[in-house]
Structure formats: C-alpha cells, structure tokens
Amino acid sequence: MAKVGEQDANYIRRVIVMQRILEWSGRILLVLGFITPWLWLVGVLALATAKILDNMEIGHNVMHGQYDWMNDKHINSKAYEWDIACDGKSWNRVHNFEHHTYTNIIGKDRDFGYGLLRLSNDFRWRVKNLWQFITYLNLSVLFQWGVAYHELAAERVFFGKKKENRDYKVPHSELKTRFFSKGARQLIKDYLIFPLLAGPFFLWVLVGNLIANLLRNLWTSTIIFCGHFTGDVKTFSEKECENETKGQWYYRQALGSSNIKGSKWFHVLTGHLSFQIEHHLFPDMPAKRYREIAPKVQKVFREHGIQYNTGSFFKQYGSVVKRILRYSLP
Amino acid sequence: MNVLLNPLSNWFSKQFFHHTSMAGYIEPVIQLFKPSWRDGYYRAKVVVVQAIANRTLAIELKTESRWPTHKAGQHIELTLEINGRLVTRVFTIASSPNQAMHEGVIRLVVKQQDAGAFTPYLARLQVNSWVNISKPKGAFLLPQSGAVTFFAAGSGITPFIAMLHQNLHEQVDPIHLVYYAKANEHLVVAELESLSNRLANFTFTLLSRSSDGDVIEKLSEFHNSKWLVCGPNDFYKTIQNYAEAHQISISSEHFSLVNLHVHGDEKAHFQVDHGGIKFTADNQQPLLAQFQANKINVPYGCGMGICHQCQCVKKKGVVRDMRTGKLSDYGEELIQLCVSQVVSDVEFKA
Ligand code: FES
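So, how was this worked out
Residues numbered from 1 in each chain as written. Chains lettered and ligands numbered in written order. Predicted model: local features only at pLDDT ≥ 70, side-chain atom pairs only at ≥ 80, totals over all residues. Heavy atoms only, no water. 1 Å grid on protein atoms, 1.4 Å probe; cavity = no way out; pocket = protein on both sides within 12 Å on 5 of 7 lines; lining within 4 Å. Points joined across faces, edges and corners; volume = space filled by probe spheres on them. Helix = DSSP H or I, 4+ residues; strand = E, 2+ residues; numbered from the N terminus. Nonpolar A, V, L, I, M, F, W, Y, C, P; charged D, E, K, R; others polar. Salt bridge = Lys/Arg side-chain N within 4 Å of Asp/Glu carboxyl O. Buried < 20%, exposed > 50% of the residue type's maximum accessible area, 1.4 Å probe, protein only. Contact = heavy atoms within 4.5 Å. Buried area = accessible area lost by both parts, 1.4 Å probe. Polar contact = N/O pair within 3.5 Å; in protein donor to acceptor, adjacent residues only side chain to side chain.

1. Comments concerning empty space enclosed by the protein
Taking a probe equal in size to a water molecule and rolling it over the atoms shows the remaining empty space.
Next, step 1: The tally for this structure, following the rule as stated, stands at 5 cavities of 30 Å³ or more.
Next, step 2: Counted as a void, the largest cavity has a volume near 300 Å³.
Next, step 3: As for the largest cavity, its lining consists of 25 residues, of which Trp91, His95, Phe143, Val147 and Ile224 of chain A are closest to the centre.
Next, step 4: Taken together, the elements giving at least two residues each to the lining of the largest cavity come down to α2 (37-63), α3 (88-101), α5 (143-154), α7 (202-228) and α10 (276-281) of chain A.
Next, step 5: Of the voids in this model, the second largest cavity is the one considered here, and its volume is about 80 Å³.
Next, step 6: Taken together, 13 residues line the second largest cavity, and the ones lying closest to its centre are Glu23, Asp54 and Asp83 of chain A together with Phe17 and Tyr25 of chain B.
Next, step 7: Among the elements that take part in the lining of the second largest cavity, helix α1 (residues 6-31) of chain A stands out by supplying 3 residues, more than any other.
Next, step 8: In the lining of the second largest cavity, the residues fall into 5 nonpolar, 3 polar and 5 charged.

2. Side note on the pattern of salt bridges
Side-chain pairs of opposite charge can arise whenever the charged atoms involved come near each other.
Next, step 1: Counted under the stated rule, the structure contains 28 salt bridges over all chains.
Next, step 2: Where Glu77 of chain B meets Lys137 of chain B, a salt bridge forms, and the shortest distance between an N and an O atom there is 2.9 Å. Taken as a pair, Glu77 of chain B in strand β3 (residues 75-82) and Lys137 of chain B in the loop between β6 (130-133) and β7 (148-153) lie far apart in primary sequence, 60 residues in all.
Next, step 3: Here Glu333 of chain B and Lys314 of chain B are joined by a salt bridge, their closest N and O atoms 3.5 Å apart. Residue Glu333 of chain B is located in strand β16 (residues 333-336), and its partner Lys314 of chain B is located in strand β14 (residues 311-316); the two are separated by 19 residues in the primary sequence. Each member of the pair, Glu333 of chain B as well as Lys314 of chain B, is classed as buried.
Next, step 4: Taken together, the shared-partner salt bridges in this structure form one network comprising Glu23, Arg27, Lys51, Asp83, Lys189 and Asp190 of chain A.

3. Let's talk about the interface of chain A and chain B
Next, step 1: Residue-level contacts link 45 residues of chain A with 37 residues of chain B.
Next, step 2: In total, chain A and chain B occlude about 3,400 Å² of area from one another, counting both sides; carbon and sulfur atoms represent 55% of this.
Next, step 3: Sorting the residues of chain A by area buried against chain B places Arg20, Asn71 and His74 of chain A first, and these three jointly supply 19% of that buried surface.
Next, step 4: Put simply, chain A and chain B have 2 salt bridges between them.
Next, step 5: In this structure, the salt-bridge partner of Asp39 of chain B is Lys73 of chain A, at a minimum N-O distance of 4.0 Å.
Next, step 6: At the junction of chain A and chain B, the tally comes to 17 residue pairs in polar contact (both at pLDDT 80 or more).
Next, step 7: Sorting the residues of the side of chain A that touches chain B by element identifies α1, α3, α6 (172-197) and α8 (246-255) of chain A as the ones contributing at least two each.
Next, step 8: When residues of the side of chain A that touches chain B are assigned to their parent elements, the largest contribution, 9 residues, is made by α1 of chain A.
Next, step 9: The class makeup of the residues in the side of chain A that touches chain B is 15 nonpolar, 13 polar and 17 charged.

4. Section: the side chain of Gln336 of chain B
Residue and element names in this part refer to chain B.
Next, step 1: Mapped onto the fold, Gln336 is located in strand β16.
Next, step 2: In this structure the side chain of Gln336 is engaged in a polar contact, spanning 3.1 Å, whose partner is the backbone oxygen of Gly305.
Next, step 3: Each residue touching Gln336, except ones within four places of it in the same chain, is listed here: Gly305, Ile306, His308, Cys310, Gln311 and Arg323.

Below you can see the structure in the form of structure tokens.
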C-alpha cells in the first residue's frame, strides 16, 4: 500500500476520461445510425463499454474507498454515484459491509445465491430450484435491478414477514424513495430523454440504450458469478465464524472467491474483479494493484497449502454453470 | 466555463450523470487541457519560488482572472497535489490588493517546517506549474481610521506586509509595527525598511524575547492606538488579556500549532466537534465508540475498517489510524471513525 500514489490517481482519472469519451461518442453514434447502421452498432458497443467501465473499474472501486486517500471531492466513496439502477448508498451498505465482512457465511452474506438460487447444500432443495438456471438467466438480464432491489429484499420492504428486532439502520420509507427515484431517473434518462433528443431517431437511440444496458448487465453478472460461484468456492456457517480471528477472516476470504485469467484489457473491464481473491483480501487497495500483488498472494497460498482458485474465463464460467445446474437437483 | 457551473446544468448533472455538479462530471476531461482545473477551486500559476531567508520561501502566484481580489490581511487556502493526494494549507497573502488587481500576482511568504507534510513540497514547485487556491477569506483587516499598532511574531508578519503595501496607495494615520522573532530571524527586514522610507506614517521596531524581554513589557507604550496582532497562540493570548484589561480595541489572527499527543500510551483528552455538537474524547478508544457513548448517531458497519460505512469528513485536527499508526493531515479529509483515534482537537462535518 505504501506505493499507492500519483500513478493510481492518474490512472483512475484516465479511466474516467476514457469512460466519458466512450459514453459521448457512443451516444452520438447512435443518432448517426441513419447514415449506416454500422455507426449505430459501434455506438452501442461504445456505450456498453462506457457503462461497463462506469460500473466496474470506476464505480465499484471508487465506492469501495480505493481512492479516498486522494482527497478529491468527486472521486471518493462518499460522493460517487454510478450509472446503474441501484442507489449507491444502498449498495455500499449491503455489499461493502455485509458481503465483504461476512463473505460466504450462509445466513449473513445475502450475496450468496441472492436468495434466488440454491448454490450449496446449505439450503434445502425446493421445487423451484429445478428451473433455477432460467432464474439465473433472468437475473443476469435484469442484473442492475437485482442489485438495486437487493437491500429491499433483504429488509423485506415489500414482501415477506419482517424480521423481529433487527436494527434497521435506514427507515424503509427512505429505502423505497431512493429505490424508485434512482430507478426512475435511469429509465427516464436512457429511454425517454436521450431518445427524445434524437428526434426522428427516437427508436434507434432507445433500442441502442436498451442493448447497451443489457450487454452491461450480462457482463457484470457473469463476472460476478465467476468470482463467487465457481465449483470450488467454499461456504461457511455462522457457527464456524463466531469469534474468528483476523487470520481466519483472511482464510475465509481466500476460500470464498475465485479469479479469472485474462489480458490487461479484460482485467480493466472487469474492474479487476478478475482478481476477486485479492479484492476480498484487500478491498480498499486501488484495484489495478491487484495485478502486482497476485503472484505474491498465490505464493503465500502455495506455502500454506491453500487452494488458489483461478482459471480461464471459459473454465470458470463453465464451472459456474455446472454449479447452478448441479444444485438445481436435490 | 461559467455556463457549466450554472444551477440548471448542475441539476441536469445530478439527475442524469449522478454528479453533484456538471463541472465534477467533466473535470478529468478538462484537466487534460487545463492542468489543475478543479471544481470549486481557482487555478494559479507559479511564477516565482525563491528562498528569501533561512528556510523561508517567497512564492508568487499568477491568479486566474476570475479570482476575486483579496483585501490586505486576508488569507487563502493553497492546495497542492502531492503524490496523487490533494493537500491544503492556509497562508496569508503578503502582497497588496493593488498588485493583484494590476498584475494578477499575489505573494506568499512561507516558513518551512522540517518534517512538514506540505511546506517541503513548496520548495520543489516548478515555475509555470499550476496549483489551486481558494477565494480570499478572513476579516483581519486594517481599520478605516485612527492610529494603529501591529504586533507580529515570526511568520505572523505576512498580513502586515500586505497592509503596508496597500497603504502606499491609501494614506492614513500613524502605524507602528512591533515585530518579535528569534534574534536575526526577522523576515523581510529590507522590505520593511524600504516601506518605512517611503511611508511617512510608518515606523517599526524589531525585537527578540531573549534580549528585549517579553512582549508584555512593551504594551503600555501603545495605549492610544488600535491593536492588530498576528502570531502564535501564546503571543496573542498575552496581548489579548492585556488589551481586555485596559479596554483597548484589538483584532487578531493567530495560528496555533496543534498540540499533538503522538504517543498513545499516555491517556489524553481532546475536544470533538461534530457539526456543532461538542464532546470530549480520549486518545485510547476508537472514535466510533466515543461517538456512540455520546449518543451521536453515525452510520457504521463492520467496526474493523473494511466497509467504509463509518466514513466521516474531518474538517480540522489530526487523528491516528489505529491499524498503521499513521497520523492524518491537519486539513479536510475522509476518515474512518472505527479505526481512528484522536491526537488533537478535531472537527467533523455532521
Ligand atoms: S465501520 Fe466498517 S469501516 Fe468503519
């Protein structure tokens, strides 16, 4: 961490610049689609890439506090808000706190299966698990909404029995307002304002935005599943983790996640969540540094005989699919 | 640029780009063309960096044209990007508004701190590089009329230099300066001499405590004037108490070097101010626990420095990171309450 400094600050600013350029050239190309549909297609891809960068390398990492040390009022975990339907504050609570503190402890970390999928024997099998692969596909398509709804589902804001004596840190009314207002702003922006600005090319832009959002959803969902639900990822029970030491915490982080191998660009587009293991060990280290420390982490794992879960994208993805299918049966 | 800053575009930016201001949204892009262009700051270009005495620098900055000109005696916040991190310190402007108006240049006179986290970087500033400054602030100004005595100590001379230079253009009543510093460490003496040659109403005395005694012994000579004091805490306290007792009109600006308790073993107490709500905290427990003990509701999560839920904007003061033992900066920054202990009085944004 001592090395963190100017390089990292310049890096994140460069990524933001790239994001802005991609987003705006994408939006302009969508309208120019009337010249030739190819321009429209490039526009869709540019916009999707911009949205992925915003979501992963910028949003996720900045909101983790990885750049808080910069003291920049726009690039820090308190101020940053990302371009997806999920309210950043809500994500921060559930993800940064619950998921990263209680990684893979069944019952405490609601990221494990999102309450929708059965991914280990810790859950009783139900009939609905039979078609959970389809549920998974739906979740991927609507991933940003899934993330947005995550905290509300957990808090049982709309459905289900409210849990007794939970200490509600945020009133439900606020959760609701934030959920609806952020969601609405996203819908209005992508499916009303920008299409309207395009005048006669309303439909071109609308469909373009829809596809860009879809591509982003599929991408983030896939990366996240590959980081958390490959075949070898372990789960833990609340019992096991009572009074755990710092060392055991690290150990749990190590076994609870998996990496994906890939090129430099691949890593950037995943927000370096292809280094999910390192991310779980050091959530507030600027993510690009994971590339540097990964070999060291791997060495430590080897010395202690801990399995370092990594593989190519296809291998990891295959293993995720297998896991989802495997647990759809009792 | 002003178009970008208007409320409508900010509203738009908040709704659709999720940025509190349009300028914030495009800032990294603009920085490609205009280094150090930052939302909420002014830019200034370094024109002179010069050592004028032992460990003392004079720095001249060319301000951008929309910078509102200061009044003599005011200060600015100077922000540098040091190894990727924005660090801010306050300095009094030691040049006249007149010069700022006509040449667009302001001057700072800065005493370097050896182990400082900021001043050593000032010496390394490149000419033609860019820094950020705030608008001029402060109400430490020269009275409109009447005889005046300045009391300065150490680098507390800076606002008075600005006032004297401004005085070249606005003739007023007698001014006398009493300037304390260690023997032979008075700053800008040549400049004071030239000013007293040019200004008929200005005289000064250079004193040092070792040979001339404490400032309190000199005070009785100046009963018939208004007093302006600038210097360290103790210095100004002495003069202020005397002025109160003798009903003399006084205005002051003082810089207190924060009293740090760096060695954690010894228990000490400090004032914590959370947006106006004040309480005392010790340097042994994490701040989060002490906020809770005082029934101040702040968000938190893991309690171990991972989740950043307990993050808070510290405006002033120094805290220690319990994990690394590292001390924070003096100025505004984000800290995590659950892994921070106080080592000075601190102030938080509520
Ligand atoms: S409470 Fe989690 S970082 Fe402080």
